[in-house]
Amino acid sequence: MLQLLWIIPALPAAGFVVLALLNRHLGRRAAAVIGAGSVGLSAVVALLVAVSFIASPPPGDVYRQVLWTWFDTGGLAPQIAFYLDAMSVIFVVVITFVGFLIHLYSTEFMERDEGYTRFFMYMNLFVASMLVLVLADNLLLLYLGWEGVGLCSYLLISFWQRDLQNVYAGRKAFIVTRIGDTALIIGLFLLFTQLHTLAIQPLMAGAAKEWPVGSGFAVAAAALLLGGAVGKSAQLPLQTWLPDAMAGPTPVSALIHAATMVTAGVYLIARTNVLFTLAPDVRLAVAIVGTVTLLYACFCALAQHDIKRVLAYSTMSQIGYMFLALGVAGWSAAIFHFMTHAFFKALLFLAAGAVIESLGGEHDIFKMGGLRRKLPTAFWAFIVGAASLAAMPLVTSGFYSKDLIIETSLGSVDGNAWLWLGALVGSLLTSIYAFRLVFVVFFGDQQTPVTRRPRWRMLLPLWVLSALSLIGGFVWLPEWMGSFHPLENFLGEALPPLKTVASSFAYTGVSALLTSLVAVVGVALATVWLVESRAALGDFAARPTPHALQEFWLNGWGFDWLYEHVFVIPVKWFARVARNDLVEPAFSGLAWLNVQAWRALSASQNGVLRVYIAVAGVGLVVILAFVVLR
Amino acid sequence: MILLWYILIPAVAAPLAWLLSLSRPQAARWVAVAGTSLPLALVTWQWVAQAGALRAAFAAHGPGVAGLVQGTWLADIHAAWISPLGISFFLAEDGLTLIMLVLTFAMGLLAVLASWRGIQERVGFFHFMILWTTAALAGVFLSLDLFLFYFFFEMMLIPMYFVIALWGHEKRVYAAIKFFIFTQASGLLMLIAILALYFIHGRATGTYTFDFTQLLGTQMPSATAFLLMLGFFAAFAVKLPAFPLHTWLPDAHTEAPTAGSVILAGVLIKIGAYGMIRFMVPLFPQAVYDFRTVGMVLAVIGIIYGAVMAYAQRDLKRLVAYTSVSHMGFVLLGIFAWNTLALQGVVLQIVCHALSTGALFILVGTLQDRVHTRDMTKMGGLWAVAPRMGGTAMFFALASLGLPGLGNFVAEFLILVGTWQVSKWAAVLGAVGLVFATVYALWMMQRAFQGEETHALRFNDLVPRETGMYAALIAALVVLGFYPQPLIATVRQTVTSVQQITAGSPLSPKPTSAVQVGIPADRAPAAAAVADGTTTDGGR
Amino acid sequence: MAAVSLDHGLILAAILFVIGFVGLLTRRNLIVVLACIEIMLNAAGLAFVVAGARWGRADGQVMFLFVLAMAAAEVAVGLALAIRFRQSLGRLDVDDADEMKG
Amino acid sequence: MTGGDLITLLPLIVLTASPVVVMLAAAFWRSHALALTLTLVGLTATIVSLFIAAGRTSRQVTPLLSFDAYALFYIGLLTAATAGVAILSWNYLQRRHVHPEEYYMLLLTATLGGAVLVASTHFASFFLGLEILSVSLYALIVYPIYRTQFVEAAVKYLVLAGSTSAFLVFGMALVYAETGTMTVSGLAPLLRAGLGGADVVVVLGVVLLLVGVGFKLAVVPFHMWTPDVYQGAPAPVGAYVATVSKGAVFALLLRYFRPVSLDPGSSLFLVFAAVAIASMVAGNLLALRQDNVKRILAYSSIAHLGYLLVAFLATGERAAIAVTFYLVAYFATTLAAFGVVAALSPPERDAESLSDYRGLARRRRWTATAFTIALFSLAGMPLTMGFIGKFYLVTAGAGSALWALIIVLVLTSTVGLYYYTRVVVAMWVRQPDEGAEAMGAAVDGASGAVLAALTAFLIVFGVYPAPLIHLIERAVSSLL
């Protein structure tokens, strides 16, 4: 069964090719069948492969499939080869499965769009790229998938390309992530030059063998990879593209945030954990970046009034949790959170999409309201998603994974109280903004009429994902609930175990209690502010200082402004100044000189015979003088 | 003899096209198709047939024997020409030549096809010029006698000049003369360098010859070698074009008709790279090493400056032209890095840039034929009008920004990773150039194809002839993106041997770091020994 | 004979030559210009005679004859041209002949 | 002088007899066709006689003339060029309805002068040849057609040539006065020293001599007459002035200087170098935006003489070959260029304005092609003799390490591209002006044949120059 591995990315890729070639000749139904069907089949194959992998583990718990050698020169011979271990199994299954649900949802969501085929074409490519990324045997192939998702994010965010705002957002996503990619590719240069290979496993083995902990190479390589990860995963300081990425159709956001793209950074760091182990400083940086980002994003999310932007910042924040986990060497915890996050974030986005679609494209939460009766499925789905996001204790999957991260941030030998505190505060804020969203959108008075109701192709994914969001966490229960953690065992084959501080306070259940507490408190606060005393809140928000603060958070702490002025405007200025080429004057000046010389000389050629004689005479005298006097 | 056909077929077809067109203009097109596709078929056949021979040559002589010097050619012709001056008609072909020939004829064919509708005036004369260029280009890549090389090098200027001046756009005469003067001036500087080399070699050995293989390894003072190297560099840097000698290129590319731009971007500017790899570095390795820092700085400036300038343009064609400046910066970088990775990347970049930029020029040409402007401010939203064209443009824009999965990426990656081993900063800045490439490529797409269609332009989408051309180019780029190995294997022999020629200079890494030069570690000592034996250090 | 040395002869020739040349530069009448050329040529002839005398050979005088003959030929053509010049320009001022320039 | 010497002298004798025959024939039958026929017969006979003379072992005829291979080669070149000019003149004169029998006589006489020059080894023959050439040319310029422009050109040429003849002969006298010698071999030691340490009188003499030569070659600063005379002369005569007159003098110069290798530090060398540089720079710059095709050719000829001087200053046989090869290429190219001008000129004026050539390629495709090839040859583009010629010049210069001169050559010839291509652009790219239709006059068969032959010559020896080089090698080797 494992031999079918290559089919998993090949199916969506084939879907892309078929859709691209036949484009205009395909009807909507055919496009939907090919688009969603290829990913669906891929999910089936992925399940088969996963089952086979678990049921009869290959030797070394690793399966490698070499398709062909990409190229071979100068000692560099990357292969088009796939590498399957426990971690990639999780990723592949989640990507294909959630991807399929999103595709299915899209067949209905996009049905009135003129670029229907094009949409599925890009979506298929997106899934294929992400699969290549997580299955890649070497970093170059990974980079291929890496850039592929970047490209697809651009194509899909700017999918409605008549509106230049969308195009701008897509461009921004591609360019900002590509800045990170540049760091990544430089990291590849470094790794290849030092270790003479790009295949991940030999590379890790080589690094572990050649470089001592804290060596300059390891630090540099890890830092460069982190640069790539930060860009793709929208962490500080390259986070600015993510909120704008909401310009794309909602299923796209779901895909970007849940299954693909933003989690790539998490995958990369987890995959190259050896390097980060060798570079503790960089790993600490990962944790700090994660923590700061998760807090930053929470504040931003609090101030947004575009439903999708709230969710976008929530993603940023949740990825921050994953980074935090990675930073404290909680590799498996990060993957766990990736999985649960994929479920509930896809759910949230798809539910949000249903809301937006029902309201005829309305994004502003303050123009929604009172929808819980009109859109019950969406409402319940949203409740489940928000609860999971807010880590409502015991019943949601988000609780288990996030609690694990919070515990790890303290309990790991690399953890510390500050990280733990940050994570906890983040959890409180998450809970507040998540339920702020729920209350504003679904409670209160209805502001905009519902024009369309979702049908089964949109509802089915919501149900499935709701279920997953609720039960998805039971694969890894915390210590104090008993020792049921098949996921940890499974991932343990691929990722190094966590070194914990012996008898840490973190694992006593107190931390979990606190986590639960802040979640509940958050909901309570949201309820009090938004349901009970909404008018008072409005008054408070209208005062200068809170208002300014809100504006500041709304605009993402002014990062866009800063980057615009530091990077974009100078380049634009230079481009405008240099439009006619700065070097050109040197050459045109030369030509001008020649013409002037011609003018002068031509004037001497005045047609007067006696002048000619005189010139010859002067010439003679000069020559004579030179020869005689020399 | 097969080598002669590569030059003769287009050279004979050229006047034929003109003469036939006097009675039937359409005939010229078919003659031109035959005159380019016939040698293309021939060289492809040779490639397929001799792929084994190439591998065998590499395996038999392997690393360690300078194939170039030993004369392990796929084919060669050596005949007297102007014997009083020691000039011979010396054509030879190795893997690199083969690739360049494939490129030449393919681009020639493409140029003819791309002009099928666009060129309606003086059809015969046009195809005369295109075929002439093709013949001269084939000659350039085949010549190993420096005089012969210079002869063909100059020869292709005239038809290119005419192509730009006669069928170009608004400022065509200016662009044509600028192109002509830049290339000619720098070419003459190279001629001086060639002659100086000729005399230095002649005085030292008593053999006055322009035969490149004999001139290799001529001993001379390092200052002299440096000056001569600069002479070669001037010519090739203008051709390439390298910053700051690039200003002819935006004008020439912009004003040339589509076919002219295709040949210019596809093949003609590649002569610069080819000349550096084949002649400049092997002749003056030490001098090139001394010049390396400057060269790399120029390359990096070219990459970034070209990209920013591309971004700054309003004229779509000018934008594409500046992207060439940027891409050729990578080529220059790779050449100065001078290790196997970088050189293989350079060759790949040569091919892929020809395909992608050639396609972009054709695209701009078809667009201009339809909307009658190249000004992007007068476009916008064209995707909605012509989605196939939009999709095609998107593809080549992506190729241009070096998207993995397309040949350009492999090329740029190889160049940069090779460069990294020589100069980390150059590689980093080159990689930063990729970000700028993203900026201009997407900016181009946005201004021409995305947004509202504000200008109410209506025109036909691609016709089958065009679709066919693009499909072929797209397929080629994708294949090169996922499996460039055939190309790499073809030029391996050349890449290895040029490096062995320079093995005695600091330019080539020490054989101890075997991995970097592509020599398996266990064979490295043997390679080093042979390399020392064939040391041709001209720069001491 | 002894009183006139080689140098004196040459200096005389040189003075004549310069006079002719200055005339060429200053005079505008075509006939006078032709006359000036004659003076210069004859100065050269004189120099040849003087030089021939120095070496005691006849070739100096032979050269003088050549010069004389060629000068005559030149003047013949010159005068014919002068007539045409006068016919076409109405005057004999050489400065009038400045139609072509640039 | 012996009977054998007469055979050696045969080319000169035939060439002398030809104008006499033409003149006599014209006295009885005023027939243009007859005059041309006789001229061509005479020129052909001269060329045939060259082969007879080439068989002779004794080449020196009196101290005045040497009929070595070098002289024979150049006489052949001059004769062939004259034949070309004669044929090109035919239709030019026919179209103007003049009775130009004496024109051919003058042409032959001038060529005789040129032939004497290239064979000259003595001041006397030098002076005689030069004057025969010049005096014939004064008449040639103005004789066939009466027009103000031609008169002006003739007067300018006459006055300047006359005065420089005086310079020349005065210089000869001074040299003779001091050294007592008038032969090439006698002068060699003096020149070899590059005038170093010579008596002031000798220096003065040599410089005056060179002024005379420089005037004929039209190098800076003795170049001012060139554009006016080229423009003012009828196109075929312009071709003649540009080729035969200059070529003969340059051949003579080479004969004087070939045996001596000028020391690069000597005054004479520096003077020549300065003149070469000035000529290359001024010639090319003056032509830059010139709108008169004849003047462009004139200025470019100044530049070309500058190029020639570069090789002239180089030492060794290669330099002499280079100069000779370049001269041959220059002859063919210039003849072709002027030939096109002549062939296209309507009766009332010459086709000399750049605007006359606008759109020529559409009207007269092959004529435009021939002119284009000639222009590219002048510019030194490959596939033409101009390319090989310029390459040879640069090679010769590089062989003597004259780097500064070569670099000037290279840079200025790049400037040259600009104005040559202006003409090309006019022909191929531009649209004709209103009323320029007359310039499309049909090219007659005779001119067409000459142009075709010249073009073929330019291309054949541009692609495969080896035979010509071998011939020149043999000719030049006789100089030592």
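The rules behind these values
- Along each chain, residue indices are assigned from 1 in the same order as the chain's sequence is written.
- Lettering of chains starts at A and numbering of ligands starts at 1, both following the order in which they are written.
- With the structure being a predicted model, the display of local features is reserved for residues of pLDDT at least 70 and the display and counting of side-chain atom pairs for 80 or more, all residues being used for whole-chain, interface and lining totals.
- Excluding hydrogens and water, the side-chain figures rest on all heavy atoms present in the structure.
- The helix and strand labels rest on DSSP assignments: H or I over at least four residues marks a helix, E over at least two residues marks a strand, and numbering proceeds from the N terminus.
- We take the radius of gyration over the C-alpha atoms and set the globule estimate at 2.2 Å times the residue count to the 0.38 power.
- For each residue, the accessible area found with a 1.4 Å probe, counting protein chains only, is set against the maximum for its type, and the residue is called buried under 20%, exposed over 50%, and partly exposed in between.
- Accessible surface is estimated by sampling points in the Shrake-Rupley manner with a 1.4 Å probe; for residues, cover comes only from the protein chains shown.
- Working convention for charge: Lys and Arg count positive, Asp and Glu count negative, and His plus the chain ends are omitted.
- The location of each charge is read from NZ of Lys, CZ of Arg, CG of Asp or CD of Glu.
- Note on method: axes are straight lines fitted to C-alpha atoms, helices fitted across the in-contact stretch only, with angles between N-to-C directions ranging 0 to 180 degrees.
- Angles below 35 degrees are treated as roughly parallel, those above 145 as roughly antiparallel, those between 65 and 115 as roughly perpendicular, and all remaining angles as oblique.
- A contact between two residues is defined here by any heavy atoms of the two lying within 4.5 Å.
- Polarity classes work like this: nonpolar for Ala, Val, Leu, Ile, Met, Phe, Trp, Tyr, Cys and Pro, charged for Asp, Glu, Lys and Arg, and polar for all others, with Gly in that last group.
- Each reported salt bridge corresponds to a side-chain nitrogen of Lys or Arg within 4 Å of a carboxyl oxygen of Asp or Glu.
- Here, patches come from residues exposed beyond 30% relative accessible area and free of salt bridges, joined within 9 Å for like charges and within 5 Å for nonpolar side chains (Val, Leu, Ile, Met, Phe, Trp, Tyr).
- Accessible-area loss on putting two parts together, using a 1.4 Å probe and summing over both, is the definition of buried area adopted here.
- For the purposes of these results, a polar contact is taken to be a pair of N or O atoms within 3.5 Å, where, inside protein, one atom must be able to donate a hydrogen and its partner to accept one; residues adjacent in sequence count only when each atom of the pair is a side-chain atom.
- Nonpolar core, defined: a set of buried Ala, Val, Leu, Ile, Met, Phe, Trp, Tyr and Cys residues in which side-chain atoms within 4.5 Å join the residues together.
- Residue ranges for the domains originate in an automatic or database domain assignment.
- Multiplying one less than the number of residues by 1.5 Å gives the expected span of a helix.

(A) Representation of the overall build of chain C within the structure. Along its length, chain C carries three helices and zero strands. Mapped from its N terminus to its C terminus, chain C presents α and β elements in the order α-α-α. The C-alpha atoms of chain C give 17 Å as radius of gyration, which overshoots the globular expectation for 102 residues (13 Å, by more than 25%). Projected onto its principal axes, the C-alpha coordinates of chain C cover approximately 50 × 25 × 25 Å. Taken across its 102 residues, chain C has 40% of its residues classed as buried. Accessible surface, chain C as shown: approximately 5000 Å² in total, 68% of it carbon and sulfur. Computed over 8 positive and 9 negative side-chain charges, the inter-centroid distance for chain C is 2 Å.

(B) How the structure looks around the packing of helix 12 (residues 258-268) of chain B against helix 13 (residues 270-283) of chain B. Residue and element names in this part refer to chain B. Look at helix 12 against helix 13: their axes get within 6 Å of each other, and the N-to-C directions meet at 15 degrees. As judged from the angle between their axes, helix 12 and helix 13 are roughly parallel. Here Ala265, Gly266, Val267 and Leu268 of helix 12 come into contact with helix 13, specifically with Lys270, Ile271 and Gly272. In the contact of helix 12 with helix 13, the residues fall into four nonpolar, two polar and one charged.

(C) Representation of the pattern of salt bridges in the model. The tally for this structure, following the rule as stated, stands at 35 salt bridges over all chains. One salt bridge connects aspartate 244 of chain A with lysine 172 of chain A, and the closest N-O pair in it is separated by 2.5 Å. Taken as a pair, aspartate 244 of chain A in helix 9 (residues 241-244) and lysine 172 of chain A in helix 6 (residues 164-195) lie far apart in primary sequence, 72 residues in all. A relative accessible area of 16% means that aspartate 244 of chain A is categorised as buried. Notably, a salt bridge pairs lysine 156 of chain D with aspartate 228 of chain D, separated by 2.7 Å at the nearest N-O pair. Pair noted here: lysine 156 of chain D is in helix 7 (residues 148-179) and aspartate 228 of chain D is in helix 10 (residues 225-232), with a separation of 72 residues, a long-range link. Note on lysine 156 of chain D: relative accessible area 0%, which makes it buried. The network of salt bridges with common partners includes Arg610 of chain A together with Arg28, Arg91, Asp93, Asp95 and Asp96 of chain C.

(D) Structural view of a nonpolar patch on the surface. Taken together, Trp561, Leu562, Val566, Phe567, Val568 and Ile569 of chain A make up a surface patch of nonpolar side chains, about 570 Å² in accessible area. Here valine 568 of chain A is to be found in helix 24 (residues 559-577).

(E) Structural view of the interface of chain B and chain A. Listed as interface residues are 62 residues of chain B and, on the opposing side, 52 residues of chain A. Across the interface of chain B and chain A, roughly 5000 Å² is buried in total on both sides, 69% from carbon and sulfur atoms. Among the salt bridges present, the one from glutamate 584 of chain A reaches lysine 178 of chain B, with a minimum N-O distance of 2.8 Å. Looking at the side of chain B that touches chain A residue by residue, the class counts come to 43 nonpolar, 15 polar and four charged.

(F) Structural detail: the interface of chain C and chain D. In this complex, chain C contributes 44 residues to the contact, which on the side of chain D involves 46 residues. Summed over the shared surface of chain C and chain D, the number is one salt bridge. Between chain C and chain D we count nine residue pairs in polar contact (both at pLDDT 80 or more) in total. Residue assignment for the side of chain C that touches chain D shows that the elements contributing at least two residues are helix 1 (6-26), helix 2 (30-55) and helix 3 (59-89) of chain C. Here the side of chain C that touches chain D gets 16 residues from one element, more than from any other, and that element is helix 3 of chain C. Across the side of chain C that touches chain D, the residue classes break down as 30 nonpolar, six polar and eight charged.

(G) How the structure looks around unusual backbone geometry. Here the amide bond leading from leucine 240 of chain B into proline 241 of chain B is cis, since omega sits at -5 degrees, within 30 degrees of zero. On the secondary structure map, proline 241 of chain B appears in the loop between helix 10 (222-239) and helix 11 (248-255). The linkage connecting phenylalanine 243 of chain B with the following residue, proline 244 of chain B, adopts the cis geometry, with an omega of 0 degrees. Along the polypeptide, proline 244 of chain B turns up in the loop between helix 10 and helix 11. Even without glycine at this site, aspartate 61 of chain A takes up a positive phi of about 55 degrees. When you line up the elements, aspartate 61 of chain A lands in the loop between helix 2 (28-55) and strand 1 (63-69). The phi dihedral of threonine 62 of chain D is positive, around 55 degrees, even though this residue is not glycine. Structurally, threonine 62 of chain D is set in the loop between strand 1 (60-61) and strand 2 (65-66).

(H) Examining the nonpolar core more closely. Counting residues in each nonpolar core, the largest one holds 721 residues, and the members touching the most others are Phe435 of chain A, Phe232 of chain B together with Phe126, Phe257 and Trp428 of chain D. Residue assignment places this core across two domains, with domain 1 (1-283) and domain 2 (300-540) of chain B each supplying three or more. For phenylalanine 232 of chain B, the residues in contact, after removing those within four places along its chain, are Leu146, Met190, Ala193, Ile194, Phe279, Met280, Leu283 and Phe284 of chain B. Ranked by size, the runner-up nonpolar core spans five residues in total, among them Val595 and Trp598 of chain A together with Leu285 and Val415 of chain D.

(I) Structural detail: helix 3 of chain C. Its 31 residues place the ends of helix 3 of chain C 43 Å apart at the C-alpha level, agreeing with the 45 Å of an ideal helix rising 1.5 Å per residue. Among the residues making up helix 3 of chain C, those that are buried are Gly60, Met63, Val67, Met70, Ala71, Glu74, Val77, Gly78, Leu81, Ala82 and Phe85 of chain C.

So, to be careful, I would describe these as geometric facts and stop short of saying anything about function.
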